[in-house]
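# Structure assessment
This is what each chain is made of:
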Amino acid sequence: MNMDPLTLLLQPPVHHPVIPYVCTIFGGLRPGKMILVQGRVSGTANRFSIDLQVGCSTRPRADVAFHFNPRFSSSETLVVCNTLTREQWLHEDHHLCPQLRKGQPFLLLFLILEDKIKVSIEGQHLLDYPNRLPLCDVDTLGICGDVSVQGISFLCRNPFSDGDTEYPLCQPLKLGNVAMATPLSKPLPNGISDGHMTTVRGLASASPDDSLQFA
Ligand code: GAL
């Protein structure tokens, strides 16, 4: 299944955030949501983390439902996953991840399910992490460490998909994405009538040369 990112976008994508970066996940985490992180590991990386957490307090430190922490100190990249609650780490899960390498780009997808978070890298399954804290409390994404991030997209799994693929194929949302090129024309499946609302989300180009028009 190839997803049209425009129809499944939940909140504006983030481009080239300054790391460390923290943002609110609009509406919190829910089963079916996906977070796509497109980035590059620093050439001299020691470690970086992507945290799905409960708020952004630093004192006391916010609970972290899912700490995704690639470490590059040995010849094989090790991803340490854990949960922080009341400032205490629980037991770690370890996964080797040869796809994440110093200096190399990556595309990570976090797919949120009722009981676990599934992570894929470059479209291939990497790991499952059980939800050890209630999903509904998780409303913040934090990224820190030796990584640069090109884009973060917040998407939802297509509710009408036949579910025959483990991970939906989704493209990072970025300027220049052909799916966002204008002129754009999409059918309105049910037409328009009294009380209907149509939302259009988009990104203005860096150097707009024309006005935006809807018809
Ligand atoms: C600790 C480390 C923390 C976190 C934790 C995960 O050793 O200091 O930053 O990564 O492991 O279990």
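Details of the structure are given in the entry above.
The following paragraphs examine the structure supplied in this document. Note that the coordinates shown come from a computational prediction; the quantities given were computed from them, not determined experimentally. Residue positions are given per chain, counted from 1 along the sequence in the order it is written. A pLDDT threshold of at least 70 governs which residues receive local features in this predicted model, and a stricter bar of 80 or more applies before side-chain atom pairs are shown or counted, although totals over entire chains, interfaces and linings include all residues. Note that water and hydrogens are dropped before the side-chain values are worked out from all heavy atoms of the structure.

## Digging into the site of the ligand
The cutoff for a nearby residue is simple: one of its non-hydrogen atoms must lie within 4 Å of the molecule or strand. Every residue near the ligand is listed here: R47, H67, N69, R71, N82, W89 and E92. N69 places a side-chain nitrogen or oxygen 3.2 Å from an oxygen atom of the ligand. Two N or O atoms form a polar contact when they lie within 3.5 Å of each other; inside protein one atom must be a possible hydrogen donor and the other a possible acceptor, and for residues adjacent in sequence the pair counts only when both atoms belong to side chains. One of the side-chain N or O atoms of E92 is found 2.6 Å from an oxygen atom in the ligand. Accessible surface area values rest on a Shrake-Rupley calculation with a 1.4 Å probe, where residue burial reflects the displayed protein chains alone. Protein chains bury 65% of the 310 Å² of accessible surface belonging to the ligand in isolation. Examining the composition of the shell around the ligand, we find that 3 residues originate from one element, strand β5 (residues 64–71), more than from any other. Three classes are used, and their members are as follows: Ala, Val, Leu, Ile, Met, Phe, Trp, Tyr, Cys and Pro are nonpolar, Asp, Glu, Lys and Arg are charged, and the others, Gly among them, are polar. For the shell around the ligand, the class distribution of residues is 1 nonpolar, 3 polar and 3 charged. Strands here mean DSSP runs of E at least two residues long; helices mean DSSP runs of H or I at least four residues long; both are numbered from the N terminus.

## Considering the pairing of strand β2 (residues 21–24)
Residue exposure (1.4 Å probe, protein chains only): buried if accessible area is under 20% of the type maximum, exposed if over 50%, otherwise partly exposed. The alternating pattern of β2 places Y21 and C23 on a buried face, while none of V22 and T24, on the opposite face, is buried. In this scheme, strands are said to pair when DSSP sees at least two bridges between them. By the bridge criterion, 4 bridges tie β2 to strand β12 (residues 140–145) in an arrangement that is antiparallel. Opposite Y21, over in β12, you have I143 as the bridge partner.

## As for the packing of aromatic side chains
Only Phe, Tyr and Trp rings take part, Trp by its six-membered ring, and two of them pair if their centres are within 6.5 Å. Stacked means planes under 30 degrees apart, edge-to-face means over 60, and tilted covers everything else. Using the criterion set out here, one finds 6 aromatic pairs in the structure. Centroid distance F66 to Y129: 4.8 Å. Interplanar angle 25°. Geometry classified as stacked. Highlighted residues: F66 in strand β5 and Y129 in strand β11 (residues 124–130), separated in sequence by 63 residues. Summarising the burial analysis for this pair, F66 and Y129 share the class buried. Taking 5.4 Å as the distance between ring centres and 90° as the angle between the ring planes, the aromatic pair formed by F68 and F110 counts as edge-to-face. In this pair, F68 sits in strand β5 while F110 sits in strand β9 (residues 105–112), placing the two residues 42 residues apart along the sequence. For F68, a relative accessible area of 0% translates into the label buried. Three or more aromatic residues joined by ring pairs form one cluster here, namely F66, F68, F110 and Y129.

Any functional reading would require information that these geometric values do not contain.
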